[in-house]
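As a plain string of letters, each chain reads:
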Number of protein chains: 4
Amino acid sequence: MSQPIGRRIWAIAEGYIPPSSTGSTRELTSHETVCILNAGSEEARVEITIYFADRPPAGPYVFIIEGQRARHLRFNDFTSPEPLPSGTDFASVIKANVPIVVQHTRLDSRQAALALLSTMAFPVE
Amino acid sequence: MSQPIGRRIWAIAEGYIPPSSTGSTRELTSHETVCILNAGSEEARVEITIYFADRPPAGPYVFIIEGQRARHLRFNDFTSPEPLPSGTDFASVIKANVPIVVQHTRLDSRQAALALLSTMAFPVE
Amino acid sequence: MSQPIGRRIWAIAEGYIPPSSTGSTRELTSHETVCILNAGSEEARVEITIYFADRPPAGPYVFIIEGQRARHLRFNDFTSPEPLPSGTDFASVIKANVPIVVQHTRLDSRQAALALLSTMAFPVE
Amino acid sequence: MSQPIGRRIWAIAEGYIPPSSTGSTRELTSHETVCILNAGSEEARVEITIYFADRPPAGPYVFIIEGQRARHLRFNDFTSPEPLPSGTDFASVIKANVPIVVQHTRLDSRQAALALLSTMAFPVE
């Protein structure tokens, strides 16, 4: 099971960090997530670029994911080179040096009950 | 990062503008959205055609998206050549002159708590 | 825009008709839907087969979709050759004589607020 | 309709068993599900490996799915070789000896109203 799986470039056209939450724990705080599976043995270096409606792209945001590990990265937590604004539409492109699998998930708890969405990202190549 | 990413034709078989909302802000108003990423340097000219159950297609609705920008277009806001009815099933085909990435998202706030759905559109070619 | 778009065979591995609803209108009744876009000029003949956990498949359920039309078919409404049970896991395969695009959506209103899910079906060929 | 449909390897980058539920029935208990369609005549032997953020993978979890049947497997119910923790991020790779179709669904009832997400898994090969 040490073979890498997936593609090296993925895209997500939807992105939005809900600007408020009713949940108070980290678990129930509204969040926008990019889930990444690195099924191969080799460490993955992942670079994420963020696109906006009315300004140049931000990033790259760089993450290292060990071999045979999965990481759920919250866009809310992105800090360097700059934090991402909440309540703002964006999109993202995810590039890695090895094949990975990418999925997009949002938990929105702005109202009294949470809402969820998820989709596989688009495998570019 | 100025290479275009994606495909030139996409399709979304589901479409429905919820006819009411409990949220009063634009942010929490029920909406049906097509999210488009134009990762390339060149401006994208996007034409959207809408299909219905019992009448001929509407459109094309034309949008210009600058290079290296992402736009989340609400079907609710489509006005020309004609507004789209709410509470009505539809589908859409999105064509561009350059590769783009397309994702479909709905926020439904008809009841006391909002609901979300999202999926990558189908990449036709 | 009279070219057909999509594939002739699609599959949906998830299927479940929620057995109750809080909404009383057709619009807010819990439903499981297969959304089909027939973007070509020619009429589509669509045959849907349903697979279960512990009994042989049901169907085919046959639908005619005119050219350049989109239909959102509720599994709840399937009657011939037999109605589908609610509260039961199933899956479906959708075959057509012309290329179509297929998306799967559920509206679940069993509890006080509705929930939604949607995904493009898997394009088999 | 006895031809197998799909792919032999699939991946899901998102995985999370919500650690609590407001619903008390099995139907409304929070669950994370992998839905598998085996449309061919031949029995499918399915092996699922689970990837985590900070420990080696778990599994394989082995399931037999008869020909022309669909099964919705809850990660909550996985027991051998070890149960899966709730409240923990994971990802999964699904391998079968025959083509299958795989979809990922979550029902989250941690708050007063349930939330749903679903997406086709990523078809690896």
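Rules of the game
- Per chain, residues are indexed from 1 in the order of the written sequence.
- Here every chain gets a letter starting at A, and every ligand a number starting at 1, in the order they are written.
- In view of the model being predicted, local features appear only for residues whose pLDDT reaches at least 70, and side-chain atom pairs are presented and counted only at 80 or more, with totals across whole chains, interfaces and linings using the full set of residues.
- Helical segments are the DSSP runs of H or I of at least four residues, strand segments are the runs of E of at least two, and each set is numbered from the N terminus.
- For this measure, only C-alpha atoms enter the radius of gyration; the expected value for a globule follows 2.2 Å times N^0.38, where N is the number of residues.
- Each residue is classified by how many other C-beta atoms fall within 10 Å of its C-beta atom, where C-beta atoms are placed from the backbone; a count of 20 or more means buried, 12 or fewer means exposed, and values in between mean partly exposed.
- Any residue pair is listed as a contact if its two C-beta atoms, each placed from the backbone, are within 7 Å.
- Charged residues are taken to be Asp, Glu, Lys and Arg, nonpolar residues to be Ala, Val, Leu, Ile, Met, Phe, Trp, Tyr, Cys and Pro, and polar residues to be all remaining types, Gly included.
- Residues reaching a pLDDT of at least 70 in both copies supply the C-alpha atoms on which the copies are superposed by least squares.
- Here, a nonpolar core means buried Ala, Val, Leu, Ile, Met, Phe, Trp, Tyr and Cys residues linked by C-beta atoms lying within 7 Å of one another.
- pLDDT is a per-residue confidence score from the predictor, ranging from 0 to 100.
- Here the rule is simple: two strands pair whenever DSSP picks up at least two bridges between them.

## As for the overall build of chain A
Phase 1 of the analysis: Summing up its helical and strand segments, chain A has zero helices and eight strands in all.
Phase 2 of the analysis: Its helices and strands in sequence order give chain A the pattern β-β-β-β-β-β-β-β, from N to C terminus.
Phase 3 of the analysis: Relative to the 2.2 N^0.38 estimate, which gives 14 Å for 125 residues, the radius of gyration of chain A is 15 Å and therefore close to what a compact globule would have.
Phase 4 of the analysis: Here the C-alpha coordinates of chain A stretch approximately 45 × 30 × 25 Å along the principal axes.
Phase 5 of the analysis: Residues classed as buried in chain A amount to 51% of the 125 residues present.
Phase 6 of the analysis: Intrachain contacts of chain A at a sequence separation of at least 6 include 72% that bridge at least 24 residues.

## A look at the interface of chain D and chain C
Phase 1 of the analysis: On the side of chain C, 26 residues touch chain D, which itself brings 25 residues to the contact.
Phase 2 of the analysis: Elements supplying a minimum of two residues to the side of chain D that touches chain C: β2 (31–38), β5 (69–74), β6 (90–108) and β7 (115–120) of chain D.
Phase 3 of the analysis: When residues of the side of chain D that touches chain C are assigned to their parent elements, the largest contribution, six residues, is made by β7(D).
Phase 4 of the analysis: Here the residues of the side of chain D that touches chain C sort into 16 nonpolar, seven polar and two charged.

## Focus: the relation of the copies chain D and chain C
Phase 1 of the analysis: The transformation that overlays chain D on chain C combines an axial shift of 0.0 Å with a rotation of 90°, and the residual RMSD is 0.0 Å. Those values place the two copies in the arrangement expected of a four-fold rotation axis.

## Looking at the interface of chain A and chain B
Phase 1 of the analysis: The interface of chain A with chain B comprises 26 residues on the first partner and 25 residues on the second.
Phase 2 of the analysis: Mapped by element, the contributors of at least two residues to the side of chain A that touches chain B are β1 (7–12), β3 (44–52), β6 (90–108) and β7 (115–120) of chain A.
Phase 3 of the analysis: Here the side of chain A that touches chain B is composed, by residue class, of 19 nonpolar, three polar and four charged.

## Some details on the environment of D:L117
Phase 1 of the analysis: Counting through the fold element by element, D:L117 comes out in strand β7.
Phase 2 of the analysis: Between the C-alpha atoms of D:L117 and D:V46, which are 71 residues apart in sequence, the distance is 23 Å.

## With respect to the nonpolar core
Phase 1 of the analysis: A:A11, B:A11 and C:A11 are the most contacted members of the largest nonpolar core, which totals 128 residues.
Phase 2 of the analysis: Among all residues touching A:A11, those that are not within four sequence positions of it are A:V93, A:A121, A:F122, A:V124, B:I5, B:G6, B:L37, B:A39 and B:V101.

## Observations concerning the confidence of the model for chain A
Phase 1 of the analysis: Looking at chain A, pLDDT values average 94 and 99% of them are 70 or higher.
Phase 2 of the analysis: For this predicted complex, the interface confidence comes out at an ipTM of 0.94, alongside a pTM of 0.96.

## Observations regarding unusual backbone geometry
Generally, phi is negative for residues other than glycine and the peptide bonds are trans, each holding for most cases.
Residue and element names in this part refer to chain B.
Phase 1 of the analysis: In this chain, G59 is followed by P60 through a cis amide linkage whose omega measures 5°.
Phase 2 of the analysis: Of note, the phi angle at Q68 is positive, near 60°, even though the residue is not glycine.
Phase 3 of the analysis: Locating Q68 in the fold gives a position in the loop between β4 (58–65) and β5 (69–74).
Phase 4 of the analysis: The partly exposed category is assigned to Q68, around which 19 C-beta atoms lie within 10 Å.

## Side note on the environment of B:P85
Phase 1 of the analysis: Within the secondary structure, B:P85 is located in the loop between β5 and β6 (90–108).
Phase 2 of the analysis: Each C-alpha atom, one on B:P85 and one on B:Y16, is 8.9 Å from the other, the two residues being 69 residues apart in sequence.

## A few points about the pairing of strand β1 (residues 7–12) of chain D
Residue and element names in this part refer to chain D.
Phase 1 of the analysis: As paired strands, β1 and β6 are joined by five bridges and run antiparallel to one another. Residue pairing for β6: I12 is matched across the bridge by S92.
Phase 2 of the analysis: Sheet topology note: the β1/strand β8 (residues 122–123) ladder contains two bridges and is antiparallel. When the sheet's bridge partners are listed, W10 is paired in β8 with P123.

## Here's the deal with the environment of D:S24
All names here are of chain D.
Phase 1 of the analysis: By the element assignment, S24 lies in the loop between β1 and β2.
Phase 2 of the analysis: You can call S24 exposed: it has 9 C-beta atoms within 10 Å.
Phase 3 of the analysis: Between the alpha carbons of S24 and R45 there is a distance of 32 Å; along the sequence they are 21 residues apart.

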